[in-house]
Amino acid sequence: MLGMLNKMFDFNKRTLNRYEKMANAIEALRPQMEQLSDEQLTAKTAEFKERVAKGESLDDLLKEAFAVVREAAKRVLGLHPYKVQLMGGIALHEGNISEMKTGEGKTLTSTMPVYLNTLSGEGVHVVTVNEYLASRDAHEMGKLYEFLGLTVGLNLNSLDKDEKREAYAADITYSTNNELGFDYLRDNMVLYKEQMVQRPLNFAVIDEVDSILIDEARTPLIISGQAAKSTKLYVQANGFVRNLKVEEDYTYDVKTKAVQLTEDGITKAESAFGIENLFDLSHVSLNHHINQALKAHVVMQNDVDYVVEEGEVVIVDSFTGRLMKGRRYSDGLHQAIEAKEGLEIQNESMTLATITFQNYFRMYKKLSGMTGTAKTEEEEFRNIYNMQVIAIPTNRDIARDDRPDLVYRSMEGKFRAVVEDVSQRYDLGQPVLVGTVAVETSELISQLLKKKGVPHHVLNAKNHEREAEIIESAGQKGAVTIATNMAGRGTDIKLGEGVVELGGLAVVGTERHESRRIDNQLRGRSGRQGDPGITQFYLSMEDELMRRFGSDNMMTMMDRLGMDDTQPIQSKIVSRAVESAQKRVEGNNFDARKQLLQYDDVLRQQREVIYKQRFEVLDAENLRDIVEKMLQATIERAVNASTPREELPEEWNLDGIVDYMNANILTEGELSINDLRGKEPEEMSELIFERAIAHYNQKEEDFGEEQMREFEKVILLRAVDTKWMDHIDAMDQLRQGIHLRAYGQTDPLREYQMEGFAMFEQMIASIEEDVAKYIMKAQIRNNLERQEVVQGQTAVHASSNEGEEQPKRKPKRKQIEVGRNEPCICGSGKKYKQCCGK
């Protein structure tokens, strides 16, 4: 273990030595750059682009390009990047993570690699966690890029498609991670190639990279349409669960957050709903609704996991404390919470497209990131994203005093001590930032401080509009700020006049987060650029982290020693024990994310195949070859299914072939058993295919080549989109139950991969069959239009900062005419007259 740590440390040391030599070479170009006029400095961009076009690599240009940006930053922004910022920029250019402490100027550091990578003409994305930071950085750093002759785009949620396309066409595009992911999904749902907004993904610099690639890695981005389902069961299940008693009717495990009915609870459920066996197959839905209602009442807490705002349940991000408007819990949990809170229950939704951040960002040719806290997750960055974490030294030594944790017996004692500490510091005039894990805690401390007469600001998910303003003034004399984890990520707390003499900003943590990174971020708000500062965490034996990881022994010890609520333990041993608990949780979370990625990779491979083929359909002028192959494959499959190799020719089901072909491919009565008798399966397929092609040619002659080409696109897009959406839903169902296979001594992941592949092959066969059927049987109308598969509204869910609804689509005329006895175009398998033609 020690050897491995030394190896990692040596790697970081060797890399920093190399970067320092390169930074010295960049600094050596300074006199040369200073002599250039503004026009000559700007002209360097065109010169560099020309050299790249002639074959020079970006690595060859690095030193000169960095020197140009350095000089331009001094002239335009009045900022001169330090040597450590040059080193951080080199790490970013090499596709790594620059770990730079708060206040070390990450935004300015990114300008150099961003500029260098725009020279290839393929575009660079700068990714931030919210639109405020994206807008701020695009505006401030945009001046520098524009001075150097580059274009800057800002991709916001509120833009229309044309504005987005323009933003993506710029040399540098600022955006949030959510918007990038959603735009990618929407691009793969368009009906015309010209409607796409993104260019191929080239190079991204992610600010607060740990927040996006670690904390939000498991959050899927989902574009979903409404699925009409009854909400009655949610209300009934909620009414039943409301009266259950813990231990008697259900058990709750605090560590795993698992809640389930006891035998008594099951009996009560069967009696309440008038059924004999809750676990009968016919009651699967009821069982699911009861479990979700239990989870909503016992596990999900108001003001901790969610808040109720304007009659809606809004999720609170457990890592940042931000409200995640527009995002909904899946699998009916959101509806169960709505029932619990007595709100109107929204319809469940159907997934149209989905992707995780892990898989979206791995599609970039090159990926890099910046943060103040990444070393603790180094293994994950290396294994999943192939990025090294390079710890860049600070420009000035850190002068902050990080004190050992104070551990109290109860929460009440802890909060009393926190308020007393804050009050004393306020009396001295020292600014204080109080960090909390939940909205609930921030409001409790706020009430206690009001009683003490201490004026303060509260910054939590309920009051985030003034975030930047509150955080920027948090370093002024006498300022007291209570903040949830977000604590103004990306916004510097600058110290006011006279604060340095008072000891700088005091950061008071009210409990440890399950991730060390989040604690380190809170510490990092203080002591920027060599400023003084102090950080102190207050813990209690009743904190969730302490309860989950064995506080019982320590409680017993404190009782034995006769310690009461006013006497804290301050010990490095306790701090180490807490850190070791955090490491265990981080390990568990990493394993969960790794497993999620392994499962998600199955869908990723399939998504890439479908999206690639869908783009080829949009891009192609003529799809006849593709349709003919699909037609041939469908005919061969149908023939082979009725003529198994292991059966004698007399036993073959020739009637089945005739019925299928006459109903789906040829005209009624065109094929007879006599046509097939005495032939091998290959000959039968050939005969049917020849006749089908003759029909195809006739159809093209009747309707004209242009109309036929558009008809092929309409049919193909419709078939691909419908079947792909059904497939996403089927894969989700498979995944939810696959873990049960472990009881049968089989590997659930392997089973998921095998069954997922088989289902994908079935979907492809189903697409080919649909295309063959409708190309041959459907009639073309003059008003042919491509049409989106799902009617009504498309709502963007999961991890969208702004809930978005697209406008209602205008009703479109039916594009295809179908005979009454032909298969219905909805894909139900019934005849048209018995289905949509009723």
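Residues numbered from 1 in each chain as written. Predicted model: local features only at pLDDT ≥ 70, side-chain atom pairs only at ≥ 80, totals over all residues. Heavy atoms only, no water.

The chain appears in an unreviewed UniProt entry as Protein translocase subunit SecA from Metabacillus fastidiosus. A UniProt comment under Sequence similarities (unreviewed entry) is attached to the chain, and it reads "Belongs to the SecA family." One UniProt comment on the chain, placed under Catalytic activity (unreviewed entry), says "ATP + H2O + cellular proteinSide 1 = ADP + phosphate + cellular proteinSide 2." (UniProt positions renumbered as here; feature names shortened; annotations may be inferred.)

This part covers the overall build of the chain. Within the chain one finds 29 helices and 26 strands. Burial analysis of the chain (838 residues in total) assigns 54% to the buried set. Put simply, of all contacts in the chain between residues at least 6 apart along the chain, 75% involve residues at least 24 apart. Entry remark: accessible area of the chain is about 38,200 Å², with carbon and sulfur atoms responsible for 48%. (Helix = DSSP H or I, 4+ residues; strand = E, 2+ residues; numbered from the N terminus. Buried < 20%, exposed > 50% of the residue type's maximum accessible area, 1.4 Å probe, protein only. Contact = heavy atoms within 4.5 Å. Areas by Shrake-Rupley, 256 points an atom, 1.4 Å probe, with all protein chains shown as cover.)

Two faces belong to every sheet, and in a regular strand the side chains alternate between them. In terms of burial, strand 5 (residues 203-207) is largely enclosed, as five of its five residues are buried. With burial as the criterion, each face of strand 5 is covered, one bearing Phe203, Val205 and Asp207 and the other bearing Ala204 and Ile206. One ladder, built from four bridges, connects strand 2 (residues 124-128) with strand 5; its direction is parallel. Directly across from valine 124, in strand 5, lies its bridge partner phenylalanine 203. One ladder, built from five bridges, connects strand 5 with strand 13 (residues 366-371); its direction is parallel. Bridge pairing in strand 13 places alanine 204 opposite leucine 367. (Pairing = 2+ DSSP bridges.)

Moving on, we get to unusual backbone geometry. Unusually for a residue other than glycine, glutamate 208 sits at a positive phi of about 50 degrees. Mapped onto the secondary structure, glutamate 208 falls in the loop between strand 5 and helix 10 (209-215). Backbone geometry places asparagine 386, a non-glycine residue, at a positive phi of 55 degrees. Topologically, asparagine 386 is positioned in the loop between helix 16 (378-385) and strand 14 (389-391).

Before going further, it helps to spend a moment on the side chain of threonine 634. Mapping threonine 634 onto the fold places it in helix 24 (residues 624-642). When near neighbours in sequence (up to four residues on either side) are disregarded, threonine 634 contacts Tyr660, Glu768, Glu769 and Ala772.

Bringing a negative patch on the surface into the picture now. Among the surface-exposed residues, Glu646, Glu647, Glu650 and Glu651 lie close enough to one another that they form a single negatively charged patch. Among the secondary structure elements, glutamate 650 is positioned in the loop between helix 24 and helix 25 (654-664). (Patch = residues over 30% accessible without salt bridge, like charges linked within 9 Å, V, L, I, M, F, W, Y side chains within 5 Å. Salt bridge = Lys/Arg side-chain N within 4 Å of Asp/Glu carboxyl O. Lys, Arg positive; Asp, Glu negative; His and termini not counted. Charge placed at Lys NZ, Arg CZ, Asp CG, Glu CD.)

With respect to topology, three strands assemble into an open sheet ordered 9-10-11, the strand pairing being antiparallel. The open sheet terminates on both sides in strands that have one partner only, identified here as strand 9 (306-309) and strand 11 (323-324). Pairing analysis gives two bridges linking strand 10 (residues 312-316) to strand 11, with the strands arranged antiparallel. If you follow isoleucine 315 over to strand 11, its bridge partner there is methionine 324. Taken strand by strand, helix 14 (residues 333-340) contacts strand 9 and strand 10, and its axis lies near 125 degrees from that of strand 10. (Axes fitted to C-alpha atoms, helices over the stretch in contact; angles between N-to-C directions.)

Here we take up the packing of aromatic side chains. Under the defined criterion, the tally for this structure stands at twelve aromatic pairs. Summarising the aromatic geometry, the rings of tyrosine 360 and tyrosine 364 are spaced 5.7 Å apart at their centres and angled 90 degrees between planes, so their arrangement reads as edge-to-face. When sorted by exposure, tyrosine 360 lands in the same class as tyrosine 364, which is buried. Cation over ring: arginine 624 sits above tyrosine 696, and NZ or CZ is 4.0 Å from the ring centre. Sitting above the plane of the tyrosine 774 ring, lysine 773 keeps its charged end 5.9 Å from the centroid. (Phe/Tyr/Trp six-rings, centres within 6.5 Å; stacked < 30°, edge-to-face > 60°. Lys NZ or Arg CZ within 6 Å of the ring centre and 35° of its normal.)

Right, let's get into the nonpolar core. Ranked by size, the top nonpolar core spans 95 residues in total, and within it Leu213, Phe361, Leu631 and Met661 carry the most contacts. At 13 residues, helix 28 (residues 705-738) tops the list of elements feeding residues into this core. Leave out the neighbours within four places in its chain, and phenylalanine 361 touches Val127, Asn177, Leu180, Ile206, Ile212, Leu213 and Leu367. One finds Val68, Val84, Phe203 and Ile390 within the second-largest nonpolar core, a separate group that totals 50 residues. (Core = buried A, V, L, I, M, F, W, Y, C linked by side-chain atoms within 4.5 Å.)

Assignment of secondary structure puts glycine 89 in helix 5 (residues 83-93). Residues glycine 89 and methionine 112, 23 residues apart in the sequence, show an inter-C-alpha distance of 6.0 Å. Residue contacts for glycine 89: discarding those within four places in its chain leaves Phe66, Thr109 and Pro113.

Attention now moves to helix 5. Counting buried positions over the eleven residues of helix 5 gives ten, a clear majority of the element. Downstream of helix 5 by one or two residues, glycine 95 has phi in the positive range, about 80 degrees.

For the rest of this paragraph, the subject is the sheet that holds strand 5. Overall, parallel pairing links the seven strands, which are arranged 3-4-2-5-13-1-14 in an open sheet. The strands lining the two open edges of the sheet, one partner per strand, are strand 3 (152-155) and strand 14. Direction aside, the axes of adjacent strands within the sheet are offset by 20 degrees on average. In the packing of helix 5 onto the sheet, contacts are made with strand 1 (97-99), strand 5, strand 13 and strand 14, and the angle to strand 13 comes to roughly 145 degrees. Of the strands in this sheet, strand 2, strand 3 and strand 4 (172-176) touch helix 8 (residues 161-169), which is tilted by about 135 degrees from strand 3.

Attention now moves to the packing of helix 27 (residues 681-703) against helix 28. How two helices sit against one another is set out by the angle between their axes and by the gap between those axes. Running from amino to carboxyl end, helix 27 crosses helix 28 at an angle of 120 degrees, the nearest separation of the two axes being 6 Å. Looking at the two axes, helix 27 sits oblique to helix 28. Listed contacts from helix 28 to Tyr696, Lys699, Glu700 and Phe703 of helix 27 are Glu705, Gln707, Met708, Arg709, Phe711 and Glu712. Within the contact of helix 27 with helix 28, the residues separate by chemical class into four nonpolar, one polar and five charged. (Parallel < 35°, antiparallel > 145°, perpendicular 65-115°, else oblique. Nonpolar A, V, L, I, M, F, W, Y, C, P; charged D, E, K, R; others polar.)

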